[in-house]
Amino acid sequence: MASEDAESEDIRMNTPKDLLYTKSHEWVRMDGDAAYVGLTDFAQDALGDLVFVNLPEVGDAVEAGEVFADVESVKAVSDVYSPLTGEVEEINEELLDAPEKINEDPYGAWFVKVANISDKEELLSAEEYEKVCEEEA
């Protein structure tokens with residue numbers, strides 16, 4: 001039974017190979033010297049239906065490993081951690097009015113674009129991140 005659950009978990013979980021990940025379930029897509037950050041499919045699934053997102057302001061400093069945003073679901077409020085140290089260059093304002101987009105398309109619904117990156121957490125490959133998720137499932 002447990003092996004069947006693990007197999008169905010792998011089928012359900014969407015982990016694009018071209019992104020980097022954190023153990024706290026954020027994804028990073030590098031874009032030149034900047035990077036887009038969002039919540040993974042595993043995280044949005046665990047949180048349930050998202051009803052509110054609180055994002056930083058453009059120009060705010062973010063620090064690797066520190067909270068930079070939070071999301072509210074029908075279950076609870078959860079912190080979102082920055083995988084990078086830098087400055088918020090852009091926010092996805094669409095999420096402020098439609099947080100459900102994170103549930104619908106977690107890898108299209110980025111939270112912030114971070115520029116002037118000076119530090120980053122230990123980022124994981126898709127394969128490494130999948131192992132973290134398997135251990136938590």
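Coordinates for the structure precede this section.
Just so we're clear, the structure is a prediction, and the values are computed from it rather than from any experiment.

## Let's talk about the overall build of the chain
Link 1 in the chain: Helices and strands together make up the secondary structure of the chain, namely five helices and nine strands.
Link 2 in the chain: What you see in the chain, going N to C, is helices and strands ordered as α-β-β-β-α-β-β-β-β-β-α-α-β-α.
Link 3 in the chain: Over its C-alpha atoms the chain spans a radius of gyration of 15 Å, differing by no more than 12% from the 14 Å that the globule rule assigns to 137 residues.
Link 4 in the chain: Summarising its shape, the C-alpha atoms of the chain cover approximately 50 × 30 × 20 Å along the three principal directions.
Link 5 in the chain: Expressed as a percentage of the 137 residues in the chain, the buried residues total 47%.
Link 6 in the chain: Long-range pairs, those at least 24 residues apart, make up 64% of the contacts in the chain with a sequence separation of at least 6.

## Structural notes on the sheet that holds strand S7 (residues 77-81)
Link 1 in the chain: One open sheet accounts for three strands, arranged S4-S6-S7; its pairing is antiparallel. The open sheet has two free edges, formed respectively by strand S4 (50-54) and S7, since each of these has just one partner strand. On average, each strand axis in the sheet is tilted by 25° relative to the strand beside it, whichever way the strands run.
Link 2 in the chain: Two elements, S4 and strand S6 (residues 67-73), share four bridges in a ladder whose sense is antiparallel.

## Here's the deal with the side chain of glutamate 26
Link 1 in the chain: By the element assignment, glutamate 26 lies in strand S2 (residues 26-31).
Link 2 in the chain: No salt bridge is formed by the buried glutamate 26; its nearest oppositely charged neighbour, lysine 23, is found at 12 Å.
Link 3 in the chain: Here the side chain of glutamate 26 touches threonine 22 through a polar contact of 2.6 Å, side chain to side chain.
Link 4 in the chain: A polar contact of 3.0 Å, which involves the side chain of glutamate 26, links it to the backbone nitrogen of tyrosine 81.
Link 5 in the chain: Not counting the four nearest positions on each side in its chain, glutamate 26 is found in contact with Leu20, Tyr21, Val37, Gly38, Leu39, Thr40, Val80 and Tyr81.

Rules behind the numbers
- Residues numbered from 1 in each chain as written.
- Predicted model: local features only at pLDDT ≥ 70, side-chain atom pairs only at ≥ 80, totals over all residues.
- Heavy atoms only, no water.
- Helix = DSSP H or I, 4+ residues; strand = E, 2+ residues; numbered from the N terminus.
- Rg over C-alpha atoms; globule rule 2.2 N^0.38 Å.
- Buried < 20%, exposed > 50% of the residue type's maximum accessible area, 1.4 Å probe, protein only.
- Contact = heavy atoms within 4.5 Å.
- Pairing = 2+ DSSP bridges.
- Axes fitted to C-alpha atoms, helices over the stretch in contact; angles between N-to-C directions.
- Lys, Arg positive; Asp, Glu negative; His and termini not counted.
- Salt bridge = Lys/Arg side-chain N within 4 Å of Asp/Glu carboxyl O.
- Polar contact = N/O pair within 3.5 Å; in protein donor to acceptor, adjacent residues only side chain to side chain.

Interpretation note: all reported values are geometric properties and have no functional meaning in isolation.
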